[in-house]
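Residue-level structure breakdown
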Amino acid sequence: MFRLAVHEVGHALMALAVGYASGATIQIEKCFDRSATGHLGGLTDYELVEDNLPTEESLLNRIAVGYAGMAAEAVVSWLGPWGPAAPSEVTSSA
């Protein structure tokens, strides 16, 4: 659960830092199904900042938010080798 929390907090902090969202709510499940095709037990819900005409900067910010979960895990990697996040984390942010 700690790993899931670190991952989701990474998304939330980046979203707030770059102005992608004005708020974020994190949900962590007590148990999860590793074979699930969606989120495995953690989810960040955003209060998105309106972006009707995306710019290069706003698109890059969206990508940064997508990668931020893995980056947060890397920052606390002293906890052990966890491996990469689900590929959908990256592809859904592009």
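Per-chain numbering applies: the sequence of each chain, read as written, is numbered from 1 onward. In view of the model being predicted, local features appear only for residues whose pLDDT reaches at least 70, and side-chain atom pairs are presented and counted only at 80 or more, with totals across whole chains, interfaces and linings using the full set of residues. Side-chain numbers come from the whole structure's heavy atoms, not from hydrogens or water.

Digging into the packing of aromatic side chains
- Any two of the Phe, Tyr and Trp rings considered here, Trp counted by its six-membered ring, make a pair once their centres fall within 6.5 Å; the pair's planes then place it as stacked at under 30 degrees, edge-to-face at over 60, or tilted in between. Under the counting rule described, the total for this entry stands at one aromatic pair.
- Between Tyr 20 and Tyr 46, the aromatic rings sit 5.6 Å apart at their centres with planes inclined by 80°, giving edge-to-face as the arrangement. Taken together, the residues Tyr 20 in the loop between α1 (2-17) and β1 (21-28) and Tyr 46 in strand β2 (residues 42-48) connect sequence positions 26 residues apart.
- Take Tyr 20: its relative accessible area is 22%, and that puts it in the partly exposed class. Each helix is a run of H or I in the DSSP string that is no shorter than four residues. Each strand is a run of E no shorter than two, and both are numbered from the N terminus. Using a 1.4 Å probe on the protein chains alone, a residue whose accessible area is under 20% of its type maximum counts as buried, one over 50% counts as exposed, and one in between counts as partly exposed.

Focus on a nonpolar patch on the surface
- On the surface, Val 9, Leu 13 and Ile 26 cluster together to form a nonpolar patch covering roughly 240 Å² of accessible area.
- Structurally, the position occupied by Val 9 is in helix α1.
- Under the relative-accessibility criterion, Val 9 is labelled partly exposed at 34%. Patch membership needs two things, relative accessible area over 30% and no salt bridge, and members are linked within 9 Å if like-charged or within 5 Å if nonpolar (Val, Leu, Ile, Met, Phe, Trp, Tyr). Accessible areas in this description were obtained via Shrake-Rupley with a 1.4 Å probe; residue shielding takes into account the shown protein chains only. Here, a salt bridge means any side-chain nitrogen of Lys or Arg that lies within 4 Å of a carboxyl oxygen of Asp or Glu.

Examining helix α2 (residues 56-75)
- Here, expected helix span is obtained from the residue count minus one, scaled by 1.5 Å. Between the first and last C-alpha of α2 there are 27 Å, a value that for 20 residues agrees with the 28 Å anticipated at 1.5 Å per step.
- Each residue is assigned a bend, namely the angle between axes fitted to the seven residues that terminate at it and the seven residues that start at it. Helix geometry: α2 is bent most strongly at Ala 68, by close to 40°.
- Among the residues of α2, those classed as buried are Ser 58, Asn 61, Val 65, Gly 66, Ala 68, Gly 69, Ala 72 and Glu 73.

Concerning the layout of surface pockets
- Approximately 230 Å³ is the volume found for the second largest pocket.
- A cavity, in this analysis, means grid points on a 1 Å lattice covering only the protein atoms where a 1.4 Å probe fits yet has no way out; a pocket is instead an open set bounded by protein on both sides within 12 Å along at least five of seven lines, and a residue lines either one if it has an atom within 4 Å of a point. Lining the second largest pocket are Val 18, Gly 19, Tyr 20, Leu 48, Val 49, Glu 50, Asp 51, Pro 54, Ser 58, Leu 59, Asn 61 and Arg 62.
- Take the lining of the second largest pocket: its biggest share by element is four residues, from α2.
- Any residue that is not Ala, Val, Leu, Ile, Met, Phe, Trp, Tyr, Cys, Pro, Asp, Glu, Lys or Arg is counted as polar, Gly included; the first ten are nonpolar and the last four charged. In terms of residue class, the lining of the second largest pocket is made up of six nonpolar, three polar and three charged. Grid points are joined across faces, edges and corners, and a volume is the space filled by probe spheres set on the points.

Geometric values such as these leave the question of function open.
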